[in-house]
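# Breakdown of the fold
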Amino acid sequence: MIDEARIWQSLAKASPEATRIHEILEKASLAQGLDADEMASLCCISDPEQLAALFDTARRVKETIYGRRLVIFAPLYISNLCANECLYCAFRAKNKSLKRRSLSQEEIRREVDRLLEQGHKRVLLVAGEAYPRQGFDYVIESIESIYDTRRGQDQIRRINVNVAPLSVPEFRRLHEAKIGTYQLFQETYHRETYHAVHTAGRKADYDWRIGAMDRAMQGGIDDVGIGVLFGLADWRFELLALKQHADHLDSEFGVGPHTISVPRLEPASNSLLAEHPPKPVSDLDFRKLVAILRLALPYVGIILSTRENPNLRRETFALGVSQISAGSRTNPGGYAEDEVFDASQFSLGDHRPLDEVIRDITSMGFVPSFCTACYRLGRTGRDFMDMAKPGLIRAHCDPNALSSFAEYLEDFASPETRAVAEQMWPELLSSLEPSARLRAERQVEQIRKGERDVYC
Ligand code: SAM
Ligand code: SF4
C-alpha cells in the first residue's frame, strides 16, 4: 500500500522553482487536490513570499469548503492498560510507574456526565491495547454506556473510536454499536522507523496496523480517520505516505478517509523518545504540513488535538484544521476526578476549559460546531463525499453548526462567552450563503424557543 521508493523519488526531484510553485498553488486553489509530486514541491518551500502564498491558498480553500466551522469534541479515555511497547507512550507495558486503570461502566457514566455538563456532544473513545476481563466486549459495553447516559435532556450524540486494530467481525460489531468514525494512526508509515519504536506486542506488526482501515471498511465502517504521529520520521515522507494511504482507500472502497489527525510527539512519562523526538517538526513546518494536507486532500477533515498550545492552535485553524478537541484529559477518570495523578498519556499544550476555547475561537470569527447530523442521517462514507465534493454539504453544515452553537450558548456558555458570541453573531451569519443563512436563522430561532437537537 505504501511505496517508499516512489515517495523518496518524488521528494528527491522536488524543487521550489517559482513558476512551478505558482502553477501548483493555482491548481490547488480549485480545491480538486494535488498529486504526490506537487505535494513534494510544496514541502520544499522556504521563501517567505512563497510561504505566504501557500498559507493564503490554504486559507481560501479551507474557507470555501468548510466556511467558518470548527467541530468540537472531547477524548474519553476509558482505560490505560496496554500490552504494547510504543517507546513514545506513557501507557506502554513496561512503564511500571504509571497508575493503571480501566474504568467501570459506572465510572464511564460519571465521565460522560461531566462532559455533558460542560456542553460536549461528541466524544472520541480512547483506550490502550489491552482490555479488562471482558476483552473487546468491554469496548462495546462502554459505547453503550456512553450513549445511554443522560443528563437532563442532554446526551452524547456521536462517539468516534480510537482503539487498537480489530478483525473484520469486531469491526462489524463496532459498526453495529453505531459509532461515528473509527480512527487509527499509523504513527509512522516509514517501516524501519516503525519497527524501531514499536518493540513488542501486537502493534509491532506494521502490516496488521496498516490493514486496519481496509478491514474497518469491510466490516461496514465507511468513515475512517487516519493519522501520523509527527516527530518520528521525516514529516515530508509522512505526508506523501498519508496521500498514498488515502488514495488506496479511495480506489479500493470508493471513498477516502473521513479525517486525518496530525498529532505531534509530546513529552510522556518515562519516555526519552517522547522527550527527544528523532525528527522534530518545527512550528513553521507544522503549519506548512497542515496547509499542504488541506490543499492535497481538500475534503478530508483535519483534526488538531490539545497536544498543541493555544497559539499554534490559533494559527493552524485558518490553514485547514476542521475539528479540534477542547477541555481534554488524557487519563482515565480525568473528567470526574479532579485529582491529578500519573496516569496521563502525554502532556497537553492547551489546558483551557471548553468555555474558554469556545470564547476564543468565536472571537476569531470561527463557528464552534457540535453538529452530529450527518452520521445520524446516514450521510456517511461515499454519500458524504458525493455531497461534499460539489460543495452541497455546506448547505447542511453551516446551519447545523450555528444551531448547535446556539444550543451551547443557551444551555452552557458563561456570560462572557455569550457576550462575545452576541457581538460576533452578525459576522458569523453574514459568512453564510443566502439559503443556508435563512435555514440557520430558522433553526436558531427554534433553539431559542426551547427546541433542542435541531438539524437538517
Ligand atoms: N492504543 C491505541 C493505539 O495505539 O492506536 C489507541 C489509543 S492511543 C492512546 C492514541 C494515540 O496517542 C496513538 O495513536 C499515538 O499517536 C498518540 N500518542 C501516544 N503517545 C504520544 C505522545 N507522547 N505524544 C503525542 N501523542 C501520543
Ligand atoms: Fe498502547 Fe496505544 Fe500507547 Fe502504544 S500508543 S503504548 S498501543 S496506548
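The sections below set out a description of the structure shown in this document. (Residues numbered from 1 in each chain as written. Chains lettered and ligands numbered in written order. Predicted model: local features only at pLDDT ≥ 70, side-chain atom pairs only at ≥ 80, totals over all residues. Heavy atoms only, no water.)

### Comments concerning empty space enclosed by the protein
The following threshold applies: Throughout, the protein atoms alone are placed on a 1 Å grid, and a set of points is a cavity if a 1.4 Å probe fits but cannot get out or a pocket if it is open with protein on both sides within 12 Å along at least five of seven lines; lining residues have an atom within 4 Å of a point. Grid points are joined across faces, edges and corners, and a volume is the space filled by probe spheres set on the points. Strands are runs of DSSP state E lasting at least two residues, helices are runs of H or I lasting at least four, and both sets are numbered from the N terminus onward. When residues are sorted by character, Ala, Val, Leu, Ile, Met, Phe, Trp, Tyr, Cys and Pro go into the nonpolar class, Asp, Glu, Lys and Arg into the charged class, and all the rest, Gly among them, into the polar class.
Using the criterion set out here, one finds 6 cavities of 30 Å³ or more in the structure. Counted as a void, the largest cavity has a volume near 660 Å³. Forming the boundary of the largest cavity are 43 residues, of which Val-126, Asn-162, Phe-185, Arg-307 and Gln-345 lie nearest the centre. Among the secondary structure elements, those contributing two or more residues to the lining of the largest cavity are strand 1 (69-79), strand 2 (122-127) and strand 7 (301-304). For the lining of the largest cavity, the residue count by class is 23 nonpolar, 11 polar and 9 charged. Within this model, the second largest cavity holds a volume of roughly 440 Å³. For the second largest cavity, the lining is made up of 30 residues, of which Arg-69, Val-71, His-258, Phe-384 and Cys-397 are closest to its centre. Mapped onto the lining of the second largest cavity, the elements with two or more residues apiece are helix 4 (48-66), strand 1, strand 3 (158-162), helix 16 (373-376), helix 17 (381-388) and helix 18 (394-411). Ranked by the residues each element gives to the lining of the second largest cavity, the list is headed by helix 18, at 4 residues.

### Focus: helix 4
What counts, and what does not: To estimate the expected span of a helix, subtract one from its residue number and multiply by 1.5 Å.
If you check helix 4, its first and last C-alpha atoms are 26 Å apart, about what 19 residues at 1.5 Å a residue would give, namely 27 Å. Taken from the residues just after helix 4, Gly-67 is the one with a positive phi, measuring 60 degrees.

### What about the site of ligand 1?
To be explicit about the condition: Put simply, a residue is near a molecule or strand once any heavy atom of it comes within 4 Å of that molecule or strand. Here a polar contact is recorded for every N or O atom pair within 3.5 Å, except that within protein the pair must consist of a potential hydrogen donor and a potential acceptor, and residues adjacent in sequence are included only if both atoms are side-chain atoms. The Shrake-Rupley method, run with a 1.4 Å probe, gives the accessible areas here. Residue values count only the displayed protein chains as cover. For a molecule to be placed in a cavity or pocket, more than half of its atoms must lie within 2 Å of the grid points of that cavity or pocket.
The full set close to ligand 1 counts 20 residues, and Glu-187, Lys-203, Arg-209, Glu-266 and Gln-345 are the nearest of them. A distance of 2.7 Å separates an oxygen atom of ligand 1 from a polar atom in the side chain of Arg-209. Bound to the protein, ligand 1 loses 97% of the 560 Å² it would expose on its own. Judged by its atoms lying within 2 Å of the grid points, ligand 1 is housed in the largest cavity. Of the residues that constitute the shell around ligand 1, the class distribution is 11 nonpolar, 3 polar and 6 charged.

### Here we look at the packing of aromatic side chains
Heads up, the rule is: Aromatic rings from Phe, Tyr and Trp, with only the six-membered ring used for Trp, were paired whenever their centres fell within 6.5 Å, and each pair was classed as stacked if the ring planes differed by under 30 degrees, edge-to-face if by over 60, and tilted otherwise. Ring-over charges, as used throughout, are those where CZ of Arg or NZ of Lys falls within 6 Å of the ring centre and within 35 degrees of the ring normal.
Under the defined criterion, the tally for this structure stands at 8 aromatic pairs. Ring centres 5.9 Å apart and planes at 90 degrees place the aromatic pair Phe-317 and Phe-366 in the edge-to-face group. Separated by 49 residues along the polypeptide, Phe-317 in helix 14 (residues 310-317) and Phe-366 in the loop between helix 15 (354-363) and strand 9 (367-369) bring together distant segments of the chain. Aromatic pair Phe-370 and Tyr-408: ring centres 5.2 Å apart, planes at 10 degrees, arrangement stacked. Linking Phe-370 in the loop between strand 9 and helix 16 with Tyr-408 in helix 18, this pair joins segments that are 38 residues apart in sequence. Connected via pairs of aromatic rings, a cluster forms that spans Phe-370, Tyr-408 and Phe-412. The residue whose ring lies beneath Arg-448 is Trp-425, and the NZ or CZ to ring-centre distance is 5.3 Å.

### Remarks on the side chain of His-198
Basically, it comes down to this: Any two residues having at least one pair of non-hydrogen atoms within 4.5 Å are treated as being in contact.
Its location among the elements puts His-198 in the loop between helix 8 (191-197) and helix 9 (206-210). A distance of 2.6 Å separates a polar atom in the side chain of His-198 from a polar atom in the side chain of Tyr-88. A distance of 3.0 Å separates a polar atom in the side chain of His-198 from the backbone oxygen of Tyr-194. Here His-198 is in contact with Glu-85, Cys-86, Tyr-88, Glu-187, Lys-203 and Ala-204, once residues within four sequence places are set aside.

Remember that the coordinates give geometry; whether it matters functionally is a separate question.
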